[in-house]
Amino acid sequence: MKSAVETLNPTRVRLTVEVPFEELKDSLDAAYKKINQQVTVKGFRKGKVPARVIDQRFGRGAVLEEAVNDALPKFYTDAVNEAELSPLGQPEVDITELKDGETLNFTAEVDIRPAIEIPDYSGIEVEVDAVEVTHEDVDKAVEELRERFASTAPVERAAEDGDVVTIDLEAKVDGEVLEDGVANGVSYTIGSGELLDGIDDAVKGLEAGGEATFTSELKGGSAAGKEAEVTVKVTQVAKRELPELDDEFAQLASEFDTLEELKADSRKRLENMKQYDQATQAQERVLEKLLELVEVPVPEKLLEDEINTRKHNLEHHQLGQMGLDLAKYLEIQGKSEEEFETETREAAVKGIKTQFVLDELVKQEKLNVNQEELTEHLMRRAASSGMSPDQFAQAVVEGGQVPLLVGEVARGKALAVVVEKATVKDTNGEIIDLDDEEDETESAEAAAEETPAESAEEKTEG
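My aim in this report is to walk through the structure given alongside it, one point at a time. Keep in mind it's a predicted model, so treat the numbers as computed, not measured.

Rules used in this analysis
Residues numbered from 1 in each chain as written. Predicted model: local features only at pLDDT ≥ 70, side-chain atom pairs only at ≥ 80, totals over all residues. Heavy atoms only, no water. Helix = DSSP H or I, 4+ residues; strand = E, 2+ residues; numbered from the N terminus. Buried < 20%, exposed > 50% of the residue type's maximum accessible area, 1.4 Å probe, protein only. Contact = heavy atoms within 4.5 Å. Areas by Shrake-Rupley, 256 points an atom, 1.4 Å probe, with all protein chains shown as cover. Lys, Arg positive; Asp, Glu negative; His and termini not counted. Charge placed at Lys NZ, Arg CZ, Asp CG, Glu CD. Expected span 1.5 Å × (residues − 1). Bend = angle between axes of the 7 residues up to and from the residue. Pairing = 2+ DSSP bridges. Salt bridge = Lys/Arg side-chain N within 4 Å of Asp/Glu carboxyl O. Polar contact = N/O pair within 3.5 Å; in protein donor to acceptor, adjacent residues only side chain to side chain. Axes fitted to C-alpha atoms, helices over the stretch in contact; angles between N-to-C directions. Phe/Tyr/Trp six-rings, centres within 6.5 Å; stacked < 30°, edge-to-face > 60°. Core = buried A, V, L, I, M, F, W, Y, C linked by side-chain atoms within 4.5 Å.

1. So, the overall build of the chain
The number of helices and strands found in the chain is 15 helices and 11 strands. When the backbone C-alpha atoms are referred to their principal axes, the chain occupies close to 100 × 65 × 40 Å. Burial analysis of the chain (462 residues in total) assigns 37% to the buried set. Within the chain, counting contacts between residues at least 6 apart in sequence, those at least 24 apart form 70% of the total. Summing over all exposed atoms, the chain offers an accessible surface of approximately 26,400 Å²; the carbon and sulfur share of this is 45%. Here the chain contributes 51 positive and 107 negative side-chain charges, whose respective centroids are spaced 9 Å apart.

2. Some details on helix 8 (residues 300–321)
Here helix 8 spans 31 Å end to end across 22 residues, near enough to the 32 Å set by a 1.5 Å rise per residue. Largest kink in helix 8: about 35°, centred on L314. Looking only at helix 8, the buried set comprises L302, L303, E306, I307, R310, K311, L314 and L319. Just past helix 8, the residue G323 takes up positive phi, approximately 70°.

3. Observations concerning the pairing of strand 10 (residues 227–241)
As paired elements, strand 6 (residues 151–154) and strand 10 share four bridges and run antiparallel to each other. Residue pairing for strand 10: A153 is matched across the bridge by K239. When strand 7 (residues 164–173) meets strand 10, the two strands line up antiparallel, connected through nine bridges. Bridge pairing in strand 10 places T166 opposite Q236. Bridge count for strand 9 (residues 211–217) against strand 10 is seven bridges, and the pairing is antiparallel. Counterpart to S216 in the pairing with strand 10 is A228.

4. What to know about the pattern of salt bridges
Enumeration according to the criterion identifies 32 salt bridges in this entry. E97 is paired through a salt bridge with K99; the nearest N and O atoms lie 3.3 Å apart. Given the relative accessible area of 29%, E97 is considered partly exposed. Relative accessible area serves as the criterion here: at 38%, K99 is assigned to the partly exposed category. A salt bridge links R381 to E408, with the nearest nitrogen and oxygen atoms 2.5 Å apart.

5. Description of the side chain of S216
With respect to the helices and strands, S216 occurs in strand 9. Polar side-chain contacts of S216 include one of 2.9 Å to the backbone oxygen of D197. Ignoring sequence-local partners within four residues, the contact set of S216 consists of L196, D197, K226, E227 and A228.

6. Description of the sheet that holds strand 1 (residues 2–9)
A sheet is described by the order of its strands in space; here four strands give the open sequence 1-2-4-3, paired in antiparallel fashion. The strands lining the two open edges of the sheet, one partner per strand, are strand 1 and strand 3 (87–99). For this sheet, the mean angle separating the axes of adjacent strands, direction not counted, is 20°.

7. Describing the packing of aromatic side chains
What the rule picks out here adds up to one aromatic pair. Taking 6.2 Å as the distance between ring centres and 90° as the angle between the ring planes, the aromatic pair formed by F149 and F249 counts as edge-to-face. Separated by 100 residues along the polypeptide, F149 in the loop between helix 4 (135–148) and strand 6 and F249 in helix 6 (residues 247–253) bring together distant segments of the chain. Note on F249: relative accessible area 2%, which makes it buried.

8. Digging into the nonpolar core
In this structure, Y121, I124, V286, L290 and L361 are the most contacted members of the largest nonpolar core, which totals 37 residues. The set of elements that each furnish at least two residues to this core consists of strand 5 (125–128), helix 7 (259–293), helix 8, helix 10 (337–364) and helix 13 (402–421). Among the elements that line this core, the one with the most residues is helix 10, at seven residues. Ignoring any residue separated from it by four or fewer positions in sequence, one finds L361 in contact with I118, Y121, L290, K366, A414 and V418.

9. Describing the environment of K140
By the secondary structure assignment, K140 is in helix 4. Between the alpha carbons of K140 and S266 there is a distance of 9.8 Å; along the sequence they are 126 residues apart.

In structure tokens:
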């Protein structure tokens, strides 16, 4: 077999392959054997029909077609390996010549990973938010904890903002009560915004036994998105009562004996959260600077696939779970369809470039992923997916997604290497030392995970 490579553009090549006919022998034998198992010829036992009879009865062309279809993937792979290419997606194959007993010639056009040159990135400088925890931040955190320990007590008066009401609901569309439009004994905090639009105004001012009717667009159920006439009846009004902010509350809500100890712990937790956010911000801004330094051509077919994948995931998974369609989502976001298309394309381009650059860094820095790192990453991904580690691991293995997770970890390590050499200052001008290796790698993985392009590319790679 002989092959040659023609570069069509930085991300696409054409392979020209010439195969001597004798190299098709194994595929021809396999073709005759396969056809033998599928046909019946009078006078011959099944599977024992001679090749010359198959040629006469079914045509030599059918055998050649079967043999070529069997052989092409191997010859294509051999040509790719010989040229040391990194193909993306499936090739467009064209058989240019097939002479029985002489030769098989074909071309294969395919997108490839572009050659990327990583320049010196040690001079990258970025600015991040300073870690500052105010008294107001601490008070707000303690107040949120206090809200969690609130109790309720029934009152005989009209419902007000902040009250907890027990209500019965009935929703009608076009005058008909919906099968799933009746709910009794629902507990609702006025002002929480957790139920239907308009319900707060409807129940405020009602006492137990009172009812009101209002119109609202249903957020879920069989008539999601439709206008409904909703009748609400209040069966109980209860006032929320917050515990006193004292040492007794600290003992009730935490492992601490005093309110001051609880506040000190809240401050420490807030500082840790802001430090993690600061590290993540540093990763993202360093990544942006790195991408500005590198020229990365993007294969058009890969880009279109990634854009379509992002749209599909948004429309059929994220929005579907919220009972929204794309038009309603864009209305809520205040975006035009053109703005959405532009943003989606820009995000897809960034995702692909990020993956290409970080993968190149993985090779350049000779980074490896060990079992412990992979397990830790899997645990974090499982937690964010809402699945148990065992369930998530099983889904990953069954879906053949282990290489994707390894890639995510490796890219996170590559970005951490860049961040380590970058100068990171906060808004106060202080140099930030991101020296917690575990947190740095974890946040770097989070930043590097902004590359859903890997699903579009790696599922088709090779």
